Structure formats: structure tokens, C-alpha cells
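Architecture at a glance
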Amino acid sequence: MMFTPTAYDTYDFANRRHIGPSPAEMAEMLKTVGVRDLDQLIDETVPRSIRQETPLSWAPLTEHALLAKMRAVAAKNRVMTSLIGQGYYGTVTPPAIQRNILENPAWYTAYTPYQPEIAQGRLEALLNYQTMVADLTGLPVANASLLDEATAAAEAMAMAERSAKSKARAFFVDVNLHPQTIAVIETRAHPLGIEIIKGQPEALDAQAVFGAIFQYPGTYGHVRDFSAECQKLHDAKALAIVATDLLALCLLKEPGAMGADIAVGSAQRFGVPMGYGGPHAAFMACRDEFKRAMPGRIVGVSIDANGNPAYRLALQTREQHIRREKATSNVCTAQALLAVMASFYAVFHGPVGLRAIAERVHLNAVRLRDALLAEGALVEPAAFFDTLTVKVGVGQAGILAAARHRGLNLRKVGRDRVGISVDELTDGDVIARVLDAFGITEPAPQEVGLGFPQALLRHSEYLTHPVFHMNRAESEMMRYMRRLSDRDLALDRAMIPLGSCTMKLNAAAEMMPLTWPEFGSLHPFAPHNQAEGYHEAIADLTEKLCEITGYDAFSMQPNSGAQGEYAGLLTIAAYHRARGQGHRNICLIPTSAHGTNPASAQMAGMKVVVVKSAPNGDVDLEDFLEKAVAAGDNLAACMITYPSTHGVFEETVRAVCEITHEHGGQVYIDGANMNALVGLVKPGEIGGDVSHLNLHKTFAIPHGGGGPGMGPIGVRAHLAPYLPGHPEAGDLTEGPVSAAPYGSASILLISWAYCLMMGGQGLTQATRVAILNANYIAARLKAAYPILFMGNRGRVAHECILDTRAFAEVGVTVDDIAKRLVDNGFHAPTMSWPVAGTLMVEPTESETKAEIDRFITALLAIREEIRDVAEGRIGAEVSPLRRAPHTVEDLVADWDRPYTREQGCFPPGSFREDKYWPPVGRVDNVYGDRNLICTCPPLEAYAAE
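None of the values given here were measured: they were computed from a predicted structure.

A look at the overall build of the chain
For the chain, the count of helices and strands is 31 helices and 25 strands. Over its C-alpha atoms the chain spans a radius of gyration of 28 Å, differing by no more than 12% from the 30 Å that the globule rule assigns to 945 residues. Per-residue burial for the chain yields a buried fraction of 65% across its 945 residues. Taking the intrachain contacts of the chain between residues at least 6 apart in sequence as the baseline, contacts between residues at least 24 apart amount to 77%. Split by element, the accessible area of the chain, about 32,400 Å² in all, is 51% carbon and sulfur. For the chain, the separation between the mean place of its 84 positive charges and that of its 105 negative charges on side chains is 1 Å.

Written out as C-alpha cells, the structure is:
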């Protein structure tokens, strides 16, 4: 008998690790779908007329080859001691937080907590974050994070404009703001018709503006009390905004005590690595009367069906996907994972520890100042927290070079000054090296006083809640983190079948390089030659994304999908202006579009015209043409999603693009559903001019419980000159949309690793299997739940919509089905979007047949429970559907329900040994909004619980 070696490749990442179904399982699924092979399914699903002709070209790497390559690329980055400041600082990530939060899939694979019963852990951590921000800023309400400090400042400007009683149309910007913040504010203001007035705080004319923003401490170090300016603004019915630093506020008078209406900033220095720009959690806090105008998510406290305290996202009617073209912000992705890290940093250290860190930072800055002054240096400002600006005249280049020679990056300020920002990592050795770069060999003094007036010292208490006073033994910290993660349902436990959200595998090998110091410790404004590894990675990722999409250029700056939409529309607007057609301002958007699409168009200064959907869910071509003709010379763009938000490959997509182009508009193809296109269809080849890609969907960046995300935009060549610029890159052709030149640069490494390990062929196969998995679900469930939209040949794309609207006639709502799925151990599919009363299911390519079958079993069992209600065997109000989800407390309490404990708590599809138990029953949303509490409840509430 001849020996035949096995053909099994253990290191085929795409087919053995990332793609869920095995070849044998695929064969079974294809049989159920009713096709002979994957090729036939794709031919019946994706129109031939739009298919790409050439396959994606690059070969895959194994996991170990990828990590070796990443090590080689990381070595090309030069890790320096960064004293550049400007909103980014060295910090210590406590190992307990790095290992138990940042590197823990229970935290980084979770979805946005729209289903509160299965998100109590991350909601508590985010509530801790809000409490921390509210306490430190001295303002009563904070949100659960924004994208970065610069965009938070721009959001605050827009919030002030709609909230102030002043009728002025101008906004004052303190010139002491960080330059990137000023640039992003100017980008946001232009399309909204807001005039920006820049100047020193003393130059403020409060009567001329609806609001003003001040930096505290200023970008060059200045610390001053803004109480007088806040009062002037209030007298003029305008609002006062303070961009601030949480660590400084552990020592300095808080903005709320000065009369500020809104405070914004970054929580980066609370234990989150710089990562060449991000991701980091921004914050916003405000006075109570402005809470309903605040952008972003707010965690609130409500009660569950048993009257127990329960957390939820509050005031969701403010959110852009609900308000659509009436939205005032398009904030979608937040920075939940990073906000959780920052909140645990505060829990880990407590108020005494944070104050000790702030004092050490400040006193080191004072030592440095005194040593420089002793040698005759010209040092500003007179009052500071952690940042000094030294006037060095023509010696600037020499001192910067001398510092680099000693492993230090200082900040170049103008032509004759040098900036130095002390941080948590600064010690005596760093101070000595700084002084040495200035030619000073005398040691810094040890005995020093305050570097700012006594009147600016903080006297109010903060972080008084018991959670910030826990025993800080690492065992206790570890158990607290574990307790919270155990309350949640993330991808490490079960499939999350959310339509349009693509909750796929985030492989461990893709995640590992993020915490290497060569990638994590770089300042975003470090010299280019110190970040050659990053630039190599970004260039190669750009090249691959161009090949995947058919576009000619990419901007990696937008740090969320919604930011990508906004940046893409600004690019289109700039293109029209450059051609003398700045009057083009109408954007056609179908009713099925993502909620952020109309919000983004509004922010870009465009007028939204809504286009109808045809009965089959496609864009209504007749209505589209009619509205394009009506727009005439004012047509700027159309925004479409492909495949459609209804989960179908529309055969008319080329016609939509042609109509838009014939009338002088540009085509924006939303990349939310790119997981059905990669390797099969290139949006840039079917008529798209610009698309954003949700790297946190298609390209494997984890959702992190509601962020981070990245939304880079690809464009055709004619739009490339109008992509976002950045002041730090010396590119001011167009304004920036994010604080850092490459947005949240460190997580671009995840998508690059994903592309490298999958290879072109693997990415294409992933798309094909995603389409198979969705069609398998549709085939198995169509007899129980009508499939709302299907293509002309009876196929869905990578997701399908289950029509549950008819069940409402017998009293069973889509909410009931969603909550009952929790008892089966599943996150619900996307509810009531894009069609109210439906469930949109996207299995992704990463789910195995066994997990998909478990999900199908659960939904079929739920259908039988609906039938019991419909046929009168049980009332809807007392059915397991309405009483879901069932908790352990329900299980052990007196049981007076007309169904058994077994049926209620262990329905088909659920695990018995490893069952997920939700920590709370169904959460009362109305109670939470009527009784809004968005900081940690008092100790009595915990005692009652």
C-alpha cells in the first residue's frame, strides 16, 4: 500500500481558523440551500454584470509568519520618551488592566450595549467612566465617550450653537487650544456656516458669539481661571466650553466651578497607550439642562421587571439613527473599550492615587522649570500644570536634535521655542536628560512649591462613590473585572447575529501586536523617521484596500464609520467647489440608508432629499431619476448602500450611478455591507466615486462594546486631492476630521494583519461563505419567518430580514423575540431596522454550522411559542416570550407561571452546563428616561440590591 501524505494544511488561517464551516459542513449547507456548489450560489446571488474580473492577488501568511513580519515592521519604529504633549502623554497601563480588559475577548468582542440585559457589565464600567468625568469636570452629566478630543470639541461647538439663546452666528476659539483641535473645529464650522473668531481669551467679545471654547491647561502650558469669561458669555446668553485634562483636574480647580456649561477632552492619559494617535476615549460633560442636546451615548440607571436596579443606554431618541435627517450629530462608534480602560484606571488608583500621580507630574514640571530658570532660560508660562515652553531663539533645531540624541522628543513651537510636557512616566533620569539637552548639568532641585496660584488649587472632592474606594489588592481588581465581564454576552460566548454589524472573528494573532511598545508607545506627532514601521504597514494596507475596492487612493484618518461618511461628503463638496460648482448641495438618500447617512449629509452642509424604495426593497429608479432631474445643477451626491440595507444585490446599481453622474453628482457607496463584496465586486468599478470601509466590521477590528472603530475612505483619482489634510502633516489643502493624521492608527494593524493572513483568495472565500451562511439561515427559517427581501433568483446577500410584524397581531412583539433569544444564549439580531418590526440577521463567515444550527433551533422553538399564543394555549402577557429573559432569581423564586421552569430557563438551543444567565430581567426603558440617573447610584441602592 502506497503512502499518501495528507493534504490537510494546519496553517491555512483562512479556511482552518477564520472561516467557520468545514468543507463537509459547507456541502451539507449547500444541499439545504439547493445548489450544487458555492460557485452556483454566488452566480445566483451576485449579478454577473458587476462582478470583478481579476482575483485579489496576494498570498496569505501563516499566524507565525505574520507575527514574525510584525516584529520586523515594529522594529522599524523608534520608541522615544515623548514629551511633545499636545493632548497625548506617556502613561502606565496597569498590567491587570492590560491583561484583563484590553487583551480579554470578553471585553473587546462585545457589541454596543443596545440590548441592556446582556450588557450590564460594560454598562457599569461605562457608568463608572461617566461618574469619573462628571466628578472631575464638576459638571453633573457626562456621556459614555466620543471619538477624540478634537472631534469632541467640534461636537461641543455644534451643541452650543443649538442650545444657546444668543442669536449670533460666530464662535470664539482660544488660540491656546491644541492646533489639531482648532483645525477640526474649523472643518466642522465651514459647512454649517459658522464663523470662527480666534484670539486670546482677553479678546473675547461675548456679544458677538453664541459660544466660546478655552483650553485648560493651554497647549503651551498656560493655566488660568476662566470664571470671568464664562460670566461674560452667560450675560450674553452664550455658552462656555472648556477643553481640559482629567489628570490636571485632580489638582486644579474644575471647569464646573468656573461656570463652564460644557467640558471636553481626552481620557488617554488614564492608562491608554498613545498608539500613534489612538484609539482613545474622548469625554464630554455638561450642565443638566443640556443633557438632551448632548451627542453620543449616555448610560443611565433604570429598573428591571423585578424592580432591581439595571443599567441601559438612556435617551436613545437623541441618536442619529433614530433622528436621521433631523440629527444634529452623526456620532455612531464611540470608544467604549478605551473608556472602560480609563474607568478601571480610576478604580485601580482611586482619588488619592490619581491625586498623587497628578502631584508627581506637576512637581516634576516645577523642578524642571526651576532648573531651567536657574541657568537663565526664558521659560513660560508663569502658571502651569505639566507643560513648559522655553524660548531658545536660533538654538531651536540644535536643542531638538540634542534631545533626540538623548532619546527624547520635545515639541517644536514656532521658530524659536521648544515645548516640554511632563507625564506619568517622567522621572529623575528623564529630567536629567532634558536638562542635558539644554547644556545644563546641575541636578534639578528637590524642594519645590506650586507652579500655579493657590486660588487655582482644587478644593472640592471627587470620586467619592464606593466603587472608587475598593480594596485595590490585585486579587480584588481582577475579580471585579471578571464579575463585570461575566454579566455580558460577547463573541467569546456565542454568535452575535447582528445584521449590518458583521460581528466576525477577531483573531488573537491580529490583536497581539497592539500592545507591543513599538506600536503602542509612539506619539502621533513624532518625527516621520521614527514611525517607519507604521508607515510601511499603512502603505501596504492602503495598497490592498485599493485593490479590494477599485479605488485609487485612501485616507486613513476617519476614526469611525460615521466620520468616514462625513469625510467622504466633505471630499465631494471640496471637489465641486474647486470646479466652481460650490452651489451643488443636494444629496439623494434612499429611505433604506443607514441612519448616519442623512445625519452626515446635514453636517456636511448638504440638503437631504429622500428617495423611495420599490416594493422589493430596491431603490425606486423612477423616483430617483425624478429627484435627480429636479435637483438639476444643485445635485451634489447620492448615498447608497451596496448590497442594499435590505440584504439584496440590487441589479439597478449601475443605473443609479449613471443617473447621478449624468446630472453632475458624485456617488457615495456606503461600505457597511462590504463583507458581501470583498473579492467579488469592487465599488470603484461599478460607479462609486467614494466609499468608507468599516474596518470594525469587514476587516476584523473588534467592536469593543461600542468602539473603537475606523472608517477610512477610498476615492477615485479625481477626488484624491480633496481628501482630509492635517496640520501636523503640513497638509492644509483640506481640513482634518480627526485629531491625529491617521485617526486611531494602532488598530489599523488589526486589519492589515487580517488581510495578510487571509490572502486575496482567503478574503474572497470569506465573502462567499458569508453569503452561504446567510442563505442557509434563510432556507432553514423561511417556512417559520417570512424573508422580507430576496433577489430576483430568491437569494439574499450576506444578511437576511426576518419579517415578524404579523406576530404583533396576537400580542407578540419583536422585542419579545429579542429578549427570548437571551434565554437561548444569543444576542438578538438587529431589531426594527431597516424595517420596523423585523429582525435583520447576519451570521458572518466565522460562525460554524453547529452554532448557526443552534441559533436556528432557538428561533424555531420561539416560533412554536408564538404559535401557542396565536392559538390561545397561553396569553401573550404571561408567556415565556413576554417574561423573558429569565434570571437565576426567577428560577429559584416561587414559580407561578403557566409554563415550566424548564421551558422558561432552558429553552431549545441553550446550553445547560455552560448556560448564560442574564444578571437582570427585562429592563424598563420608560422608567429609565423618566428618572434619568447617569452617574453611579448612591451606596443605598447597592445595599437594597
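Brief notes about the sheet that holds strand E5 (residues 211-216)
Read across the open sheet, the seven strands follow the order E2-E8-E7-E6-E5-E3-E4; overall the sheet is mixed. The open sheet has two edge strands, strand E2 (141-142) and strand E4 (195-199), and neither has a second partner. The sheet contact formed by strand E3 (residues 170-174) and E5 spans three bridges and is parallel. Counted as the bridge partner of Phe-171 is Gly-211 from E5. Packed on one face of the sheet, helix H10 (residues 227-235) meets E5 and strand E6 (239-245) and runs near 170 degrees to E5.

Some words on the pattern of salt bridges
All told, the structure shown has 49 salt bridges when counted by the stated rule. Here Lys-627 and Asp-623 are joined by a salt bridge, their closest N and O atoms 3.0 Å apart. One end of the pair, Lys-627, and the other, Asp-623, are both in helix H22 (residues 621-631), four residues apart, so they sit about a helical turn from each other. When its relative accessible area of 22% is taken as the criterion, Lys-627 is described as partly exposed. With a closest N to O distance of 2.8 Å, Asp-823 and Arg-820 form a salt bridge. Taken together, the positions of Asp-823 and Arg-820, both in helix H25 (residues 814-823) and three residues apart, correspond to about one turn of that helix. Here the two residues Asp-823 and Arg-820 agree in accessibility, since each one is buried. Connected via shared salt-bridge partners are Glu-28, Arg-780, Lys-849 and Asp-853.

Examining unusual backbone geometry
Generally, phi is negative for residues other than glycine and the peptide bonds are trans, each holding for most cases. For the bond running from Gly-707 to Pro-708, omega is 25 degrees, close enough to zero to count as cis. Secondary-structure assignment places Pro-708 in the loop between strand E21 (690-692) and strand E22 (713-715). In this structure, the amide linkage connecting Ala-884 to the following residue, Pro-885, adopts the cis form with an omega of 0 degrees. With respect to the secondary-structure elements, Pro-885 resides in the loop between helix H27 (880-883) and helix H28 (888-892).

About the criteria used
- Residues numbered from 1 in each chain as written.
- Predicted model: local features only at pLDDT ≥ 70, side-chain atom pairs only at ≥ 80, totals over all residues.
- Heavy atoms only, no water.
- Helix = DSSP H or I, 4+ residues; strand = E, 2+ residues; numbered from the N terminus.
- Rg over C-alpha atoms; globule rule 2.2 N^0.38 Å.
- Buried < 20%, exposed > 50% of the residue type's maximum accessible area, 1.4 Å probe, protein only.
- Contact = heavy atoms within 4.5 Å.
- Areas by Shrake-Rupley, 256 points an atom, 1.4 Å probe, with all protein chains shown as cover.
- Lys, Arg positive; Asp, Glu negative; His and termini not counted.
- Charge placed at Lys NZ, Arg CZ, Asp CG, Glu CD.
- Pairing = 2+ DSSP bridges.
- Axes fitted to C-alpha atoms, helices over the stretch in contact; angles between N-to-C directions.
- Salt bridge = Lys/Arg side-chain N within 4 Å of Asp/Glu carboxyl O.

Any link to function would need more than the numbers given here.
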